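# Summary of structural features
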Amino acid sequence: MAGIACRLERYRGASYLAHGDSLFSSANLFRVGVSTTYKIVVEVCPLIWELLSPIYLSWKSAAELEVVAHGYRARWNLPNCLGALDGKEIRIRAPPHSGSMFYCYKKFFSFKVLSICDAFYRFTWISVGDYGSISDLSAFRNTELYKALEQGEIDLPRDNFLPRSNIRMPYFFIGDAIFELKKYLMTPYNRNNLVSEEQRIFNERLSRGRNTIEDTYGVWTSKFQILNTRLNFSVANSKNIIQACVCLHNFIINEEMLDPSERRRQHVPRQVAENVQGVPRHEEVFADVPHDVHEQRNALAGYFSSPAGALLYL
């Protein structure tokens, strides 16, 4: 009976996250008290994070990041891309004695979620809980990932050649213009100061790949309707809810992609779906790696406009 009760509690918690009903509605649905429903949500979400995050949200090795890059090349024609980075505001009840720290530019109280996703709308890294009043760039600078990338402590894949070329390029994440241009993070050219067609095409190609993180947030919030409402919990419990929803989202996407019919429909390579090694490498030929980040971006822009890297329909 204890096992049945535990499974029922997990079901109640997941149902609340998916449907986004009020605690009162969920309490009526399962014929339990409102305080019991609140307690179930508060207890179940940390357990979901504890059990699923090592499986579905652990940081990837260099070989696994190459699989992510293969997905971006296969699906979005963006080689050497390790993921798209962006932030999202999560609406919350105003925390007591917090002043304007959690008041964001969208005119409501929130905390920030920073995420990186792969080409198939799975989260690969998240940071939850920074003040809603600060920018995405400031929030990113406060993360351990940023500090590790700056100090070269992250095991990224070794530099590789762009398809059908001898241009050797570092692997990189992509972000919008609010982020800093780095060797490991490509951002668009200033759209108010584009001086060439190459820069315009580069911005379009980068935006095409960066849409994956916007789409990931869209799929995530559509699966978990609680994210479309204000979270009437403490900040700590609200963070636990967000982390649980991220783990469940990745679990659902993984299960859908491993289904053979779904994989054929989405044209998902087996290595990408199963997150395994075996992505083919290009032959190594001599070529210099751009040392300056602006040279790196210019080389990538030139490649996107060349016969080797151009998309005819852009």
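Read on for a plain summary of the structure. The structure presented is a predicted model; accordingly, all values stated were derived computationally and were not measured.

### Focus: the pairing of strand S2 (residues 110-117)
Counted residue by residue, S2 has 8 buried out of 8 residues, so it is predominantly covered. Side-chain alternation along S2 places Ser110, Lys112, Leu114 and Ile116 on one buried face and Phe111, Val113, Ser115 and Cys117 on a second face that is also buried. Direction of pairing for strand S1 (residues 81-91) relative to S2: antiparallel, over a ladder of 8 bridges. Bridge pairing in S2 places Leu85 opposite Ile116. As judged from the 7 bridges shared by S2 and strand S3 (residues 123-131), these two strands associate in the antiparallel manner. Counterpart to Lys112 in the pairing with S3 is Asp130. Counting the residues that bridge the hairpin from S2 to S3 gives 5 residues, and of these Tyr121 lies at a positive phi of roughly 70°.

### Considering the environment of Gly218
By the secondary structure assignment, Gly218 is in helix H7 (residues 197-223). Of the residues examined, Gly218 reaches a relative accessible area of 38% and is grouped as partly exposed. Gly218 sits 97 residues away from Tyr121 along the chain, and the two C-alpha atoms are 9.4 Å apart.

### Here we look at the environment of Ser58
Tracing the chain through its elements places Ser58 in the loop between helix H3 (34-56) and helix H4 (62-76). Placed 67 residues apart in sequence, Ser58 and Trp125 show a C-alpha to C-alpha distance of 7.7 Å. For Ser58, the residues in contact, after removing those within four places along its chain, are Ser53 and Thr124. At 3.4 Å, the side chain of Ser58 forms a polar contact with the backbone oxygen of Pro54.

### Thoughts on the pattern of salt bridges
This model, assessed by the stated rule, comprises 9 salt bridges. Of the charged contacts in the structure, one is a salt bridge between Glu144 and Lys147, with a shortest N-O distance of 3.9 Å. Of this pair, Glu144 and Lys147 are both found in helix H6 (residues 144-150), 3 residues apart, which corresponds to roughly one turn of the helix. The class of Glu144 is exposed, set by a relative accessible area of 61%. Each of Glu89, Lys112 and Asp136 takes part in a single network of salt bridges with overlapping partners.

### Focus on the sheet that holds S3
Reading across from one edge, S3-S2-S1-S6-S7 is the order of the 5 strands in this open sheet, with mixed pairing throughout. A single partner strand is all that each edge strand has here, and the edge strands are S3 and strand S7 (185-186). Sitting on the sheet, H4 touches S1 and S2, and the angle it makes with S1 is about 90°.

### Quick look at the environment of Pro54
Structurally, the position occupied by Pro54 is in helix H3. You can call Pro54 exposed: its relative accessible area is 51%. For the pair Pro54 and Cys247, spaced 193 residues apart in the sequence, the C-alpha separation amounts to 9.4 Å.

### Observations regarding the side chain of Asn250
Counting through the fold element by element, Asn250 comes out in helix H8 (residues 235-258). A relative accessible area of 3% means that Asn250 is categorised as buried. A polar side-chain atom of Asn250 sits 2.7 Å from the main-chain carbonyl oxygen of Phe123. The contacts of Asn250, once residues within four sequence positions are left out, are Tyr56, Leu57, Arg122 and Phe123.

Calculation criteria
Residues numbered from 1 in each chain as written. Predicted model: local features only at pLDDT ≥ 70, side-chain atom pairs only at ≥ 80, totals over all residues. Heavy atoms only, no water. Buried < 20%, exposed > 50% of the residue type's maximum accessible area, 1.4 Å probe, protein only. Helix = DSSP H or I, 4+ residues; strand = E, 2+ residues; numbered from the N terminus. Pairing = 2+ DSSP bridges. Contact = heavy atoms within 4.5 Å. Polar contact = N/O pair within 3.5 Å; in protein donor to acceptor, adjacent residues only side chain to side chain. Salt bridge = Lys/Arg side-chain N within 4 Å of Asp/Glu carboxyl O. Axes fitted to C-alpha atoms, helices over the stretch in contact; angles between N-to-C directions.

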